Amino acid sequence: AATQSPRLDVWTGMPGRQCHVGRILEAIIRVEQDTAMRRGDLLTVTWGEVYEGGVIQWTCQKTDEPIVKRLRPETLAACDRVRVAHDDRLIPWSRRIDRLYPWWKLLLSIAGLPADYRNGLQKLRRTSATALERVSPGSAAWHLGHKTPGMAAAHYLDPAQCSTPMLPPAIPTALQDAKKRKDDAA
């Protein structure tokens, strides 16, 4: 994985509150895939908001709405690897958010992806929503914390991926067609 690159084997932050850049980026990617959190929530949610079984419950800063999701065990493990003393945040980035972007661009470069504005942290949120929408159509708006599905469809979902359903066509329709052919034959 690109987050394991020696170029990201760097510690940054204030003395006593340093964090490993590669591990922080891995934790961010995993949390975003599981939750589609907004950036402001991602860097402020705490371990106190994580419950048994990986259930995470927080209040969205933008909408002031409660949100409940589940973190996979591998996501919890990645977050646990970045824990630092005296900082209860799930992602303990101790510098300003704008100091994260150069590292993000380096990660994209290592992964062979374009390091431009189209592949910012927001792309993780969109990818998470698109993946869920393909498996469970109509779920992206809820996953993103939007009140209307139109916002998700217009600004977050990748139409090239969402236009091809992952699930087979409706089985009841196929059964009805088979029954009609059987009735016509009789």
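Relevant structure appears above.
Residues numbered from 1 in each chain as written. Predicted model: local features only at pLDDT ≥ 70, side-chain atom pairs only at ≥ 80, totals over all residues. Heavy atoms only, no water.

1. Let's talk about the packing of helix H1 (residues 21-35) against helix H5 (residues 121-135)
Basically, it comes down to this: For helices, the fitted axis covers only the stretch in contact; all axes are lines through C-alpha atoms, and the angles between them, taken along N-to-C directions, range from 0 to 180 degrees. Only DSSP runs of H or I with at least four residues qualify as helices, and only runs of E with at least two residues qualify as strands; both kinds are numbered from the N terminus onward. By convention the crossing between two helices is left-handed if the near helix lies anticlockwise of the far one by an angle smaller than a right angle, and right-handed if it lies clockwise. Should any heavy atoms of two residues lie within 4.5 Å, those residues are counted as being in contact. Lys, Arg, Asp and Glu make up the charged group, whereas Ala, Val, Leu, Ile, Met, Phe, Trp, Tyr, Cys and Pro make up the nonpolar group; the residues left over, Gly among them, are polar.
Running from N to C, H1 and H5 point in directions that differ by 40 degrees, and their axes come no closer than 8 Å. As H1 runs across H5, the sense of the crossing is right-handed. Each of Ile28, Ile29, Glu32 and Gln33 in H1 lies in contact with H5, whose residues at this interface are Leu121, Leu124, Arg125, Thr127, Ser128 and Ala131. The residue inventory of the contact of H1 with H5, partitioned by class, reads five nonpolar, three polar and two charged.

2. Quick notes on H5
Put simply, the rule is: A helix is expected to reach a length of 1.5 Å times the quantity of its residues less one. We call a residue buried when its accessible area falls under 20% of the maximum for its residue type, exposed when it is over 50%, and partly exposed in between, using a 1.4 Å probe and counting protein chains only.
Its 15 residues place the ends of H5 23 Å apart at the C-alpha level, agreeing with the 21 Å of an ideal helix rising 1.5 Å per residue. Where H5 is concerned, the buried positions are Leu121, Leu124, Arg125, Ser128, Ala129, Thr130 and Glu133. Those residues of H5 that are buried are in contact with H1, helix H2 (39-42), helix H4 (101-110), helix H6 (140-144) and helix H8 (159-162).

3. A look at H4
Of the residues making up H4, those classed as buried are Trp103, Trp104, Leu106, Leu107 and Leu108. As for H4, its buried residues are in contact with H1 and H5. Following H4 by one or two positions, Gly112 has its phi on the positive side, about 80 degrees.

4. Here we look at the pattern of salt bridges
Once the charged atoms of two side chains with opposite charge are near each other, the side chains can pair. Note the cut-off: Salt bridge, as used here: a side-chain nitrogen of Lys or Arg that lies within 4 Å of a carboxyl oxygen of Asp or Glu.
Here the structure, examined in full by the defined rule, presents seven salt bridges. The shortest N-O distance in the salt bridge between Arg30 and Glu26 comes to 3.1 Å. On the criterion of helical spacing, the pair formed by Arg30 and Glu26 is a turn pair, its members being four residues apart in helix H1. With a relative accessible area of 11%, Glu26 lands in the buried category. Between Glu74 and Arg72 there is a salt bridge, with its nearest N and O atoms 3.1 Å apart. Because the salt bridges share partners, they merge into one network encompassing Glu26, Arg30 and Arg81.

5. Section: the packing of aromatic side chains
Here the distance between the centres and the angle between the planes together describe a pair of aromatic rings. Condition: Classification of ring pairs rests on two measures: the distance between centres of Phe, Tyr or Trp rings, Trp counted by its six-membered ring, which must be within 6.5 Å, and the angle between planes, read as stacked under 30 degrees, edge-to-face over 60 and tilted in between. Remark: a charge is flagged as sitting over a ring if the NZ atom of Lys or the CZ atom of Arg is within 6 Å of the ring centre and within 35 degrees of the ring normal.
Within the structure shown, the criterion is met by zero aromatic pairs. Cation over ring: Lys69 sits above Trp142, and NZ or CZ is 5.3 Å from the ring centre. Cation over ring: Arg126 sits above Tyr156, and NZ or CZ is 5.9 Å from the ring centre.

6. Some points on the pairing of strand E4 (residues 66-70)
Note the following rule: Strand pairing is defined by DSSP finding a minimum of two bridges between the two strands.
The two faces of E4 differ: Ile67 and Lys69 on one face are buried, but Pro66, Val68 and Arg70 on the other face are not. Note that strand E3 (residues 55-59) and E4 share five bridges and pair antiparallel. Its bridge partner lying in E4, Thr59 is registered against Pro66. In sequence, E3 turns back onto E4 through a hairpin of six residues, with Asp64 there showing a positive phi of about 60 degrees.

7. A short note on the environment of Arg99
Take Arg99: it is sitting in the loop between helix H3 (73-81) and H4. Each C-alpha atom of the pair Arg99 and Thr12 lies 9.9 Å from the other, and the pair is 87 residues apart in sequence.

8. Topic: the nonpolar core
We apply this condition: Only buried residues count toward a nonpolar core, which is a set of Ala, Val, Leu, Ile, Met, Phe, Trp, Tyr and Cys residues joined through side-chain atoms within 4.5 Å.
Ranked by size, the top nonpolar core spans 33 residues in total, and within it Leu25, Ile28, Ile56, Leu90 and Ile91 carry the most contacts. No other element matches H1, which puts six residues into this core. One finds Ala140, Leu144, Ala152 and Tyr156 within the second-largest nonpolar core, a separate group that totals eight residues.

Spatial relationships are all this shows, so hold off on functional conclusions.
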